[in-house]
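An overview of the molecular structure
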Amino acid sequence: MEQTLLCVLGLFSLNLLFYCGQAKVVLTVEPNWSVFFHGESVTLICDVKEGQETDWWYSFNRDGQRFIVYSSNKKYQIYTQYIQTGHYSCTGRNKLSSNQEESNMVHLTVLVYTPKALILEGNSSTVGAVMLTCSVSPSTPGWEYSWYSGTNAQPLTAGGTIFHSNDRISVSQDGLYRCAGGRGTPRYYTEHSDTFVAITPVVKLNHNWPEVFYGEETRLTCEMKGGENVVWEYEWMKQQVVLPENKKEHVVVHATTSDYMCRAESTYGQTRWSKAFRLTVIDSPNLSVSSLWPNPGASVNLNCAAKHPSAGWRFYWYKLIPDIAREYLYDYELLPGSTNGTTQDSYVVYNHTNTAGYACRAGRGDPVHYTSYSHKFVWSREFQSPPSLRVSPDKVQHFWSDSVSLTCEGNSSTQWTVVKFGQDGFTSQRCSGFGTLTGSTCTTQLNEQHAVYWCESKSGQFSSAINISVSFKDILLDSPTHPVAEGAAVTLRCKLKTGNFVANVVFYKNDKVVQNDMRWTLTIPAVSESHEGFYRCERKYSQRTLTSPQSWISVKSLSKPESSPGHLPLIVGLVCGVLVIIPLLLFFCYGTSKDSNGNSQTFATDQTVNQGENQQQVYSTLLHGDVCIYETVGGAGNIGTGHQHAEVEELNYNYENVDSGACRTITMDRQISN
């Protein structure tokens, strides 16, 4: 009996141990996350692996402390505003035996803020598109993402968008993009992400002109698509240097070829930098003149050459007014008829007499955008008094580093300065920039091969101009600085820097030999317009040749007195006399000049006629016809015995006549002695 009882108790104990080993309580969480945010809900589920659900009482614990007392419901849904971060477990107590079973521990982290979605930019395999990825930090599972566009956060549609996955899209349209995450039941949402500005601005000219000229004012616009209703503040960059400009339109006052970029910023965020826009600038319209050294009283044609003249250009013409208080600067005075510009790119200045500076510029658009000014000086050789410029030493050519004095002669109460236009051909420079100004005299050392000098006054006057050349060699041609009066004598001298001439000296006019002998002077006894030209001299040795720079010899025509009705009989008489004398002179010339075959010849020689120490007055008459003849007749003041003077110094001139071919002059010299 006792043995039987012991067997029954043993079997009962084994069954009890078996059931105790199998009776396990498990705590699970729905959703099965470890991190929750403030406002989300969580359900704790306490499962007992024994009997029926109704056989147990359930309680829930946090960090070993019971916070939900026993109840018959194994599920308990709570919101995280009532729950804290900690270790959670549950307890199952059997209703019959009052046995208690403890579950496993589950750690829950509760973040007491609402998360905010984040957009990250990436590269897209689609050309012209950008990859956007939406995420939540810290990274937690279960999120589903929604995408929005525009300032009103409208749900994003498929137009222009590729949905690669729940959290990743590619967009090819510029615009404003946002995203948000949601998970759980009921739905819990993150805050919207910051707006991602997927906008690349474009820099554009605000006109469609084909070219922009140097110095022209132009405007650039930072254009954007997808952000039209947003208030933007702009930023500009030129050649990688940020500019102090925050407007959509950037005004380029003096255009130069440069790369421009822009971007914009608003409360939504900042755009990318635009692609570099190359503003290509070409030279401004170039002013050219029909003549830099026109004859007195001649007309001067100004031309303002601009490319694409049909693109709405108008041209503005100015006269330069010196402002000698400011180095290099001039005031601009509109020429007559130029107030509103001209459609023609040319302008005629009539009756030009003095040295003057002119300028032009072009304008187009409304408001008018102007190019920079283009300048040109037109010089006068005509010696005028006042004002006038004198050079000491008085010659055109000088040796390198020679010191010269340039003096402005005019009204003593007027402030004068000397101006130089250098060989670079672009800029003028006042005396303070190249010499020392004392009163109205500028002293300087010559160091430019060619330069033009003139005087300018504070009152806006210009003097005649002088062209000065510098010889870098050991030889120069001494010639007058001002035009030589027609009929006057002039002597050109070939000079060495050191030493004397011991070989032939050759004089050239317009690159043709006019004298080749031992003389180092070339004398023209009576200059005429035909003597105008470029002269130079040359010394030749057996192995070396020295050549001077060339100088222009200008001839000033003598003014002819105006006739009046009262002088008509006298004029008629003189004309008749000339008509009678000319055939006689021609007969004399052809009768006294024969070649070996008895044929007439035509020679070209100018001569100097001497009577003691006095130079004879020489008269020149140009006879027109099939052949060109220069006839020079020298006469004394008294009529004598008619003896001819035979000592004639010939210049061996070889002139050319454009219409008649080679032209030479027969020279007759008569010395009549008492």
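Remember, predicted model here, so these are calculated numbers, not experimental data.

Assigned secondary structure in the chain consists of two helices and 64 strands. Looking at the chain residue by residue over its 674 residues, the buried ones come to 42%. Long-range contacts, defined here as pairs at least 24 residues apart, represent 62% of the contacts in the chain between residues at least 6 apart. For the chain, the exposed area adds up to about 37,000 Å²; of that, 51% sits on carbon and sulfur atoms.

Interpreting fine coordinate detail is not advised for predicted regions of low pLDDT. With 76% of its residues at a pLDDT of 70 or more, the chain has an overall mean of 77. Counting interchain partners and residues more than four positions distant, the pLDDT-below-50 stretch residues 4-23 has five contacts. Per-residue pLDDT stays below 50 along residues 583-674; that stretch engages in 158 contacts with residues further than four places along the chain or on separate chains.

So, on to the sheet that holds strand 51 (residues 521-524). Taken in spatial order, the three strands line up as 46-48-51 in an open sheet, and their pairing is antiparallel. In this open sheet, the two strands that pair with only one neighbour each are strand 46 (475-478) and strand 51. Averaged over all neighbouring strand pairs, the angle between strand axes comes to 10 degrees, with direction disregarded. Both strand 48 (residues 490-496) and strand 51 contribute to a ladder of four bridges, which runs antiparallel. Looking at strand 51, one finds that T491 is bridged to T523.

For the bond running from E30 to P31, omega is -10 degrees, close enough to zero to count as cis. Inspection of the secondary structure puts P31 in the loop between strand 1 (25-30) and strand 2 (35-37). Residue P138 is reached from S137 by a cis peptide bond, and omega for that bond is 0 degrees. Position of P138 among the secondary structure elements: in the loop between strand 11 (130-136) and strand 12 (144-149).

So, about the packing of aromatic side chains. On inspection of all chains with the given rule, the structure shows 20 aromatic pairs. Where Y332 meets Y373, the ring centres are 3.7 Å apart and the plane angle is 10 degrees; that geometry is what we call stacked. Taken together, the residues Y332 in strand 32 (residues 330-334) and Y373 in the loop between strand 35 (369-370) and strand 36 (374-378) connect sequence positions 41 residues apart. Ring pairing ties together the aromatic residues W293, Y330, F377, W379, F421 and W454, which thus form one cluster. The ring of W33 carries R183 above its face, with NZ or CZ at 3.9 Å from the centroid. The ring of Y508 carries the charged tip of R536 above its face, separated from the ring centre by 4.0 Å.

A separate point is the environment of Y214. Inspection of the secondary structure puts Y214 in the loop between strand 20 (212-213) and strand 21 (218-223). Y214 sits in the partly exposed class, given a relative accessible area of 47%. Taking C-alpha positions, Y214 is 6.6 Å from T371, a pair spaced 157 residues apart along the chain. In contact with Y214, not counting residues within four places along its chain, are A255, T256, V281, I282, D283, S284 and S372.

Scanning the entire structure with this criterion turns up 17 salt bridges. As a salt-bridge pair, R183 and E40 come within 2.7 Å of each other at their nearest N and O atoms. Here R183 is found in strand 16 (residues 175-183), whereas its partner E40 is found in the loop between strand 2 and strand 3 (41-48), with 143 residues between them in sequence. Judged by its relative accessible area of 0%, R183 is buried. Each of D511, R536 and E538 takes part in a single network of salt bridges with overlapping partners.

With that settled, consider the state of the cysteines. Evaluated as defined, the whole model comprises seven disulfides. Linked covalently through their sulfurs, C46 and C90 form a disulfide whose S-S length is 2.0 Å. Classification of the bridge connecting C46 and C90 rests on its S-S torsion, roughly 80 degrees, and on that basis the disulfide is right-handed. With a gap of 44 residues between them, C46 in strand 3 and C90 in strand 7 (residues 86-94) connect regions that are remote in the sequence. On the basis of relative accessible area, C46 is assigned to the buried category, the value being 0%. The side chain of C222 participates in a disulfide bridge whose partner is C262; the two sulfur atoms lie 2.0 Å from each other. Around the S-S axis, the bridge from C222 to C262 shows a dihedral of about 80 degrees and counts as right-handed. In this pair, C222 sits in strand 21 while C262 sits in strand 25 (residues 258-266), placing the two residues 40 residues apart along the sequence. In terms of burial, C222 and C262 fall into one category: buried.

With six of seven residues buried, strand 11 is to be regarded as a mostly interior element. In the sheet, strand 10 (residues 117-123) pairs with strand 11 via seven bridges, with the strands oriented antiparallel. Residue pairing in the sheet places L118 in a bridge with S135 of strand 11. Between strand 10 and strand 11, which pair antiparallel one after the other, the connecting turn spans six residues, and G128 there sits at a positive phi close to 80 degrees.

Let's shift gears to the pairing of strand 30 (residues 298-305). Taken together, the four bridges between strand 29 (residues 286-289) and strand 30 define a ladder with antiparallel strand orientation. When the bridges of strand 30 are listed, N286 appears paired with A305. Looking at chain direction, strand 30 and strand 33 (residues 346-352) are connected through five bridges and run antiparallel. Bridge assignment links A298 to a residue of strand 33, and that residue is H352.

Two orientations exist for strands paired in a sheet by backbone hydrogen bonds: parallel and antiparallel. Pairing within the open sheet is antiparallel, and its three strands lie in the order 19-21-24. Where the open sheet ends on each side, the last strands, each with one partner, are strand 19 (202-205) and strand 24 (249-252). Going across the sheet, the axis of each strand differs from the next one's by a mean of 25 degrees, ignoring polarity.

About the cut-offs
- Residues numbered from 1 in each chain as written.
- Predicted model: local features only at pLDDT ≥ 70, side-chain atom pairs only at ≥ 80, totals over all residues.
- Heavy atoms only, no water.
- Helix = DSSP H or I, 4+ residues; strand = E, 2+ residues; numbered from the N terminus.
- Buried < 20%, exposed > 50% of the residue type's maximum accessible area, 1.4 Å probe, protein only.
- Contact = heavy atoms within 4.5 Å.
- Areas by Shrake-Rupley, 256 points an atom, 1.4 Å probe, with all protein chains shown as cover.
- pLDDT = per-residue confidence, 0-100.
- Pairing = 2+ DSSP bridges.
- Axes fitted to C-alpha atoms, helices over the stretch in contact; angles between N-to-C directions.
- Phe/Tyr/Trp six-rings, centres within 6.5 Å; stacked < 30°, edge-to-face > 60°.
- Lys NZ or Arg CZ within 6 Å of the ring centre and 35° of its normal.
- Salt bridge = Lys/Arg side-chain N within 4 Å of Asp/Glu carboxyl O.
- Disulfide = S-S within 2.5 Å.

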